[in-house]
Structure formats: structure tokens, C-alpha cells
Amino acid sequence: MQPDYLEALGHGIYAIDTGFQRPRFDAAYLLVENGRAAFIDTGTNHAVPRLLAALDQLGLSPSSVDWVIPTHVHLDHAGGVGLLMQSLPQSKLLVHPRGLRHMIDPTALFEGALAVYGVEEMQRSYGELQPVPPERAQASFDEQTISLAGRPFLLIDTPGHARHHHCIWDARSRGWFTGDTFGLSYREFDTPQGAWLMPTSTPVQFDPQALRASVQRLMSFEPQAMYLTHFGRIGFEQQDLPRLAALLLAQVDEMEALGLSLRQAPDRHEQLKAGLRALYLRRLHQHGCQLPPDQQAALLDMDIELNAQGLAVWLDKASAA
């Protein structure tokens, strides 16, 4: 019997709920082709037992994994890379060039996250980051194509959420593995209208102009699905990716305008949080979400906090430029 954290999505694609924070919040993807495998995103160190168990569940050995590909090096996507690769003797890490050094020596990555989350949360949620040997790591480049047992995957540079972000195109499923570039979509907010999603401006490299360009580049491929880390596949059932892209871009505009309006506010952080909360709850109401507003807000509390922090960093950089 397949465990409840492993979901088959067709085309040899499996979503693994990493268990980070809450159920159906953070996904890693396992791709299987002719007995060979690749992971896209890994979750944190605490997810590694699930990732290895998923291989075993599908009758694959750790030596069958050729690639480990984090979309970017934020810890909910790449925190488990080093520990996972210790159990995958044949695998190579493929990471955005701006993230390569952080996977080989994660000291600065850990300290940066520590500044955002604090000691207690770092230990509870992430654990000690493990380095990847330099000889097993390589940098991606824009429009690079790699092969998994003859199946091609295209990587493109997608800044906006972070400068160290790439997305991976699978022509077989006509889907993108988007990390955080195509936003966050939680299944609790699904309605008869379909999925709902929101942008993420998590510190420290949010760039609304770059994000808009990246989303438009993804959509230029006329995809049929987006495989989000937070959470799961969207767009497939109702063929509604154009609606979702429009929703995402409209909210990027609204978040940018909100930030600019509060640039000099004395209690800016609290006002940013209040403004973001109002924005998202209004959008969820328009989407027909039936959850009570306080429950909606509770599900979004962490994202609202991080998005407010990210907007503040962007505002301060823009002011200093």
C-alpha cells in the first residue's frame, strides 16, 4: 500500500509530502524514467527518510538516482540536499550557479536563515546542514538540457523570488517544476473555481519586475501543469493556468503598491502584515473560499510574516539604490 505522503501524478512523476510545518505544505518531486530517478527539491533534513522510503516503495535503489535538483537554496527546498546525497552514491547535484557555493559550504546559508528564523526554529525545522562534496556538484545554466535515461528536462533562470532560482520544464507532461516562482497554492483554499495562489516575497531577494518577467516566460511555453513546492500540481484538471498566472501577477502588482505606500511608515512591518492579510483574505473571498476568515489567516500567518519581511528588504534596497 502506497504511503499517504506519496502521490503518483502520471508521467513518472511523484509528489512527496515532506512533512515540513504541516501536511500538504511542502513537496519534493521524484521523477522516474526507465529505472533511473531524480529528485527536484528535497525539503529539509527531516524529509530525507521519506524521500528514501519513496524510492524503496517504488522498487528503486538509492544508486538509481542520477540527479538532485533544488529549484533554489532556501532551506524548505534544499535544506536536506547534503544529507540526502550521503545516501545516493551515484547522484549529482545540479543547482543554480548563485546557489552552488552555498551547497558546498552551507555555513552562510545557515547563518542567513538563522537571522530570519532564530535558533529554536532552526533546530526544530531544519537541523544541521550538510555540505555536498564539490566533485558531486555542478551549476546549471539558462536553457540547459539534461537527460534522465534519455528523457530531457530543460532548466531556465527564473529570478524574482530569489536570484538563485531556476525552474525545470518537462516536455512529456508539459509541466514546470516551479519552486516558488509561480507562487504558493494550498489545497485548503481549493474551491469549485479551482486552485488559488499567491506570490511569495520571502527574504531577501524579492524583485517584482524580475518575477513578472519569469512568470511570463514560464507561460510562454503554454504549460498544462505547474508542479509547486507549496503545494502540489495545479492547472492540470481545469486547464486554468492563464487564470492563475493573471491572479499571481495582479497580486505582485498589489504587493508592490502596498510596499511603496508604506515605505516611510514608522510601524512599517505591522502595517505591511495587516495590508497583506487584508489583500489575501479579500482575494480568497472573491475565490469563494468557505473557510472562516480567522482560519484562512492562521494558514497564511507564516507567509504573511515572511512576505512582509521580504517586502521590507526590497523597499530598503530600492531606497538605497
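In this text the structure is predicted, and so the values were computed from the model without any measurement. (Residues numbered from 1 in each chain as written. Predicted model: local features only at pLDDT ≥ 70, side-chain atom pairs only at ≥ 80, totals over all residues. Heavy atoms only, no water.)

### A closer look at the layout of surface pockets
The gaps left among the atoms become clear once a water-sized probe is rolled over them.
Item 1. The volume enclosed by the largest pocket comes to roughly 570 Å³.
Item 2. Lining of the largest pocket is provided by 30 residues; of these, His74, Leu109, His164, Pro203 and Val204 occupy positions nearest its centre.
Item 3. Among the elements that line the lining of the largest pocket, the one with the most residues is helix α5 (residues 107-117), at six residues.
Item 4. For the lining of the largest pocket, the class distribution of residues is 16 nonpolar, eight polar and six charged. (1 Å grid on protein atoms, 1.4 Å probe; cavity = no way out; pocket = protein on both sides within 12 Å on 5 of 7 lines; lining within 4 Å. Points joined across faces, edges and corners; volume = space filled by probe spheres on them. Helix = DSSP H or I, 4+ residues; strand = E, 2+ residues; numbered from the N terminus. Nonpolar A, V, L, I, M, F, W, Y, C, P; charged D, E, K, R; others polar.)

### Regarding the nonpolar core
Item 1. The biggest cluster of nonpolar side chains holds 81 residues, and the ones touching the most others in it are Leu30, Phe39, Leu93, Met103, Phe182, Ile234 and Tyr280.
Item 2. When residues in this core are grouped by element, the largest group, nine residues, is from helix α8 (residues 241-261).
Item 3. Ignoring any residue separated from it by four or fewer positions in sequence, one finds Tyr280 in contact with Trp196, Met198, Pro199, Gln251, Met255, Leu300, Ile304 and Asn307.
Item 4. Core analysis: the next-biggest nonpolar cluster, separate from the first, contains 20 residues, Ile13, Trp67, Ile69 and Phe177 among them. (Core = buried A, V, L, I, M, F, W, Y, C linked by side-chain atoms within 4.5 Å. Buried < 20%, exposed > 50% of the residue type's maximum accessible area, 1.4 Å probe, protein only. Contact = heavy atoms within 4.5 Å.)

### Here's the deal with the pairing of strand β4 (residues 36-40)
Item 1. Of all five residues making up β4, four are buried, and the element is well covered by its neighbours.
Item 2. Between strand β3 (residues 27-33) and β4, which follow one another and run antiparallel, lie two residues, and Asn34 among them has a positive phi close to 50°.
Item 3. Looking at chain direction, β4 and strand β5 (residues 65-69) are connected through four bridges and run parallel. Along β5, the bridge assignment pairs Ala38 with Trp67. (Pairing = 2+ DSSP bridges.)

### Here we look at the pattern of salt bridges
Item 1. Applying the stated rule across the entire model yields 18 salt bridges.
Item 2. A salt bridge links Asp170 to Arg151; its shortest N-O distance comes to 2.7 Å. With Asp170 in strand β10 (residues 166-170) and Arg151 in strand β9 (residues 151-157), the pair connects residues that are 19 residues apart, well separated along the chain.
Item 3. Measuring nitrogen to oxygen at the nearest pair gives 4.0 Å for the salt bridge that ties Arg277 to Asp301. With Arg277 in helix α9 (residues 268-286) and Asp301 in helix α10 (residues 293-320), the pair connects residues that are 24 residues apart, well separated along the chain.
Item 4. The exposure class of Asp301 is partly exposed, given its relative accessible area of 39%. (Salt bridge = Lys/Arg side-chain N within 4 Å of Asp/Glu carboxyl O.)

### Some points on the pairing of β3
Item 1. Taking burial as the measure, the seven residues of β3 include seven buried ones, the bulk of the element.
Item 2. Burial along β3 is two-sided: the face carrying Ala27, Tyr29, Leu31 and Glu33 and the face carrying Ala28, Leu30 and Val32 are both buried.
Item 3. In this sheet, β4 lies alongside β3 in antiparallel orientation, the contact comprising five bridges. Bridge pairing links Leu30 to Phe39 in β4.

### Some details on the sheet that holds β3
Item 1. The seven strands are arranged β1-β2-β3-β4-β5-β6-β7 in an open sheet whose pairing can be described as mixed. The open sheet has two edge strands with one neighbour each: β1 (6-8) and β7 (137-139). The average undirected angle you get between the axes of adjacent strands in this sheet is 20°.
Item 2. In the packing of helix α1 (residues 48-57) onto the sheet, contacts are made with β1, β2 (13-17), β3, β4 and β5, and the angle to β2 comes to roughly 140°. (Axes fitted to C-alpha atoms, helices over the stretch in contact; angles between N-to-C directions.)

### Regarding the sheet that holds strand β13 (residues 232-234)
Item 1. Read from one edge of the open sheet, six strands run β8-β9-β10-β11-β12-β13, paired in mixed fashion. Lying at the two open borders of the sheet, with one neighbouring strand each, are β8 (144-148) and β13. For this sheet, the mean angle separating the axes of adjacent strands, direction not counted, is 25°.
Item 2. Summarising the sheet, β8 and β9 pair through five bridges and their orientation is antiparallel. Bridging across to β9, Leu148 finds its partner in Arg151.
Item 3. Helix α7 (residues 208-219) contacts β9, β10, β11 (175-179) and β12 (225-228) of the sheet and is inclined by roughly 155° relative to β9.

### Section: the packing of α9 against α10
Item 1. It is the contact of α9 with α10, at a shortest axis distance of 8 Å, that shows an interaxial angle of 130°. Looking at the two axes, α9 sits oblique to α10. Of the two elements, α9 crosses α10, and the hand of that crossing is right-handed.
Item 2. Considering only residue class, the contact of α9 with α10 consists of 13 nonpolar, four polar and six charged. (Parallel < 35°, antiparallel > 145°, perpendicular 65-115°, else oblique. Left-handed = near helix turned anticlockwise from the far one by under 90°.)

### Concerning the packing of α7 against α8
Helix-helix packing is described using two parameters, namely the angle between the two axes and the distance between the axes.
Item 1. Two elements in contact, α7 and α8, have axes whose closest approach is 10 Å; the angle formed by their N-to-C orientations is 175°. Overall, the two elements α7 and α8 adopt an arrangement that is roughly antiparallel. On the side of α7, the interface is formed by Pro208, Leu211, Arg212, Val215, Gln216 and Met219, while α8 contributes Leu241, Pro242, Ala245, Leu248, Leu249, Val252, Asp253 and Glu256.
Item 2. Classifying every residue of the contact of α7 with α8 by side-chain character gives 10 nonpolar, one polar and three charged.

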